Amino acid sequence: MNPQANLIFIASLLLGTTITISSNHWIMAWTGLEINTLAILPLISKSHHPRSIEAATKYFLTQAAASALVLFSSMTNAWHTGQWDITQLTHPTSCLILTSAIAMKLGLVPFHFWFPEVLQGSPLTTGLILSTAMKLPPMTLLYMTSSSLNPTLLTVLAILSAALGGWMGLNQTQIRKILAFSSISHLGWMAIILIYNPKLTLLNFYLYAVMTTTVFLTLNTTKVLKLSTLLTAWTKAPSLNTMLLLTLLSLAGLPPLTGFLPKWLIIQELTKQDMAPAATLISLLSLLSLFFYLRLAYCTTITLPPHTTNHMKQWRTNKPTSTAIAILTTVSVMLLPASPMFLTIV
């Protein structure tokens, strides 16, 4: 793609995100979401492969439907209450419609079908934007309206997302699809705590974004798209693959890595809110996603499965690992273990 065009699309993404995050009026928030949708479409379809065009079409149709629902819910609320302010969403029907619209924007179950397909049809860098930056504006809208949303609906969506995100990722061989289902199960953890402690939702989102960015950038460096190529990628950059192993385990939420922190705090908060059964259920469902993270981690390290076919080993790269990956990997793995040390210093 033309660098100037690329720059325009990235700038539009930043503009759309900034407009949505900083707006108080529903129409401005909707405008930001629309700018975002239109800016990401060329980035999805830039390879001109039929699968990319299909992914862009699916993304456009889903996001257009979700944006129409956002507009519909805000207009219904304005009709009944006379308020266009985002934080003044008080009408129950508007709240239900908005929850469905944002669930569709994010890819929460049962509106998740588009997300793995779109991620599979996109390049790794665009997949990274779709998994992290494109989720920030809808998460902000949820954060601002969290006090008036329906807790039962959000809890049901969250538990279904954690269940299906883990279950449907079990049999995948394409890494982008595995990361899509991983994203869906993480969204479940964010949605379940949204009503009770919105700041925890944001903390979970930020840490998820850091860990997912690390995984995507590492895969982009080693040029890995499926499990069979991941098996032989360790010869290319052994140290980078070792850190990928730790980042995947962190994404799975294993202690004492960074990914354990939000899960720990969410379970603690749910228990305080007398939701111990929900906390137990979502913790057990995270074991499903733990399985495919462990499978990815197993393939990442030097454990070639026994088979008769000969594998072509990849040449070791001489390029140094980028500073961004080094910093992100350190944060993804060491943030929780290093926190007590920082606190004692401060």
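Since this is a predicted model, take the numbers as computed values, not measurements.

Draft legend 1. The overall build of the protein chain, seen in detail. Scanning the protein chain from N- to C-terminus turns up 15 helices and 0 strands. Taken over C-alpha atoms, the radius of gyration comes to 20 Å for the protein chain, in line with the 20 Å a tight globule of 346 residues would show. Structurally, the protein chain occupies a C-alpha span of about 70 × 50 × 45 Å along its principal axes. Residues classed as buried in the protein chain amount to 52% of the 346 residues present. Here the contacts in the protein chain between residues at least 6 apart in sequence split such that 78% fall between residues at least 24 apart. Considering the protein chain, the positive charge centre built from 17 side chains and the negative charge centre built from 6 side chains are found 20 Å apart.

Draft legend 2. Just the packing of helix H7 (residues 136–145) against helix H10 (residues 198–222), in detail. The geometry of H7 relative to H10 is characterised by a closest axis approach of 10 Å and an angle of 170° between their N-to-C directions. The pairing of H7 with H10 is recorded here as roughly antiparallel in orientation. Contacts between H7 and H10 involve Leu-136, Met-139 and Tyr-143 on the former and, on the latter, Pro-198, Lys-199, Thr-201, Leu-202 and Phe-205. Partitioning the contact of H7 with H10 into residue classes produces 6 nonpolar, 1 polar and 1 charged.

Draft legend 3. Quick peek at the domain arrangement of the protein chain. Entries for the protein chain in the domain assignment read domain 1 (1–131) and domain 2 (150–307 + 320–345). Computed from C-alpha coordinates alone, the two centres of domain 1 and domain 2 are separated by 23 Å. Between domain 1 and domain 2, the contact holds 21 residues from the first and 28 residues from the second. Together domain 1 and domain 2 conceal approximately 2100 Å² of surface at their shared face, both sides included; 76% is due to carbon and sulfur atoms. The three residues of domain 1 that bury the most area against domain 2 are Val-109, Gln-120 and Leu-124, which together make up 32% of that side's buried surface. There are 1 salt bridge connecting domain 1 and domain 2. Residues Lys-177 and Glu-117 are paired through a salt bridge, measuring 3.5 Å at the closest nitrogen-oxygen approach. Between the two partners, domain 1 and domain 2, sit 5 residue pairs in polar contact (both at pLDDT 80 or more). Looking at the side of domain 1 that touches domain 2, the elements that each hand over two or more residues are helix H4 (92–106), helix H5 (114–121) and helix H6 (124–131). Among the residues forming the side of domain 1 that touches domain 2, the class breakdown is 12 nonpolar, 8 polar and 1 charged.

Draft legend 4. Region of the structure containing the nonpolar core. Among the nonpolar cores identified, the biggest contains 87 residues, and Ile-40, Tyr-59, Ile-192, Leu-219 and Leu-230 are the most heavily contacted of them. Here this core takes 12 residues from helix H9 (residues 175–193), the largest share from any one element. For Leu-230, the contacting residues outside a window of four places in its chain are Ile-175, Leu-219, Val-224, Leu-244, Leu-296, Cys-299 and Thr-300. Within the second largest apolar cluster, 5 residues are counted, among which are Leu-245, Leu-257, Ala-297 and Val-333.

Draft legend 5. Inspection of empty space enclosed by the protein at higher detail. Counting across every chain of the model gives 3 cavities of 30 Å³ or more. The volume enclosed by the largest cavity comes to roughly 90 Å³. If you go around the largest cavity, the residues you meet are Leu-33, Asn-36, Thr-37, Tyr-59, Gln-63, Lys-105, Trp-114, Leu-130, Met-134, Lys-135 and Pro-138. Those elements giving two or more residues to the lining of the largest cavity turn out to be helix H2 (26–44) and helix H3 (50–81). Looking at the lining of the largest cavity, the element that brings in the most residues is H2, giving 3 residues. Of the residues that constitute the lining of the largest cavity, the class distribution is 6 nonpolar, 3 polar and 2 charged.

Draft legend 6. Region of interest: unusual backbone geometry. For the bond from Val-109 to Pro-110, the omega torsion is 5°, close enough to zero to count as cis. Positionally, Pro-110 belongs in the loop between H4 and H5. In this structure, Pro-256 follows Pro-255 across a cis peptide bond, with omega equal to 5°. Here Pro-256 lies in the loop between helix H12 (238–252) and helix H13 (260–272). In this structure, His-48 is a non-glycine residue whose phi angle is positive, near 60°. Secondary-structure assignment places His-48 in the loop between H2 and H3. Given a relative accessible area of 66%, His-48 falls into the exposed group.

Rules used throughout
Residues numbered from 1 in each chain as written. Predicted model: local features only at pLDDT ≥ 70, side-chain atom pairs only at ≥ 80, totals over all residues. Heavy atoms only, no water. Helix = DSSP H or I, 4+ residues; strand = E, 2+ residues; numbered from the N terminus. Rg over C-alpha atoms; globule rule 2.2 N^0.38 Å. Buried < 20%, exposed > 50% of the residue type's maximum accessible area, 1.4 Å probe, protein only. Contact = heavy atoms within 4.5 Å. Lys, Arg positive; Asp, Glu negative; His and termini not counted. Charge placed at Lys NZ, Arg CZ, Asp CG, Glu CD. Axes fitted to C-alpha atoms, helices over the stretch in contact; angles between N-to-C directions. Parallel < 35°, antiparallel > 145°, perpendicular 65-115°, else oblique. Nonpolar A, V, L, I, M, F, W, Y, C, P; charged D, E, K, R; others polar. Domains from an automatic or database assignment. Buried area = accessible area lost by both parts, 1.4 Å probe. Salt bridge = Lys/Arg side-chain N within 4 Å of Asp/Glu carboxyl O. Polar contact = N/O pair within 3.5 Å; in protein donor to acceptor, adjacent residues only side chain to side chain. Core = buried A, V, L, I, M, F, W, Y, C linked by side-chain atoms within 4.5 Å. 1 Å grid on protein atoms, 1.4 Å probe; cavity = no way out; pocket = protein on both sides within 12 Å on 5 of 7 lines; lining within 4 Å. Points joined across faces, edges and corners; volume = space filled by probe spheres on them.

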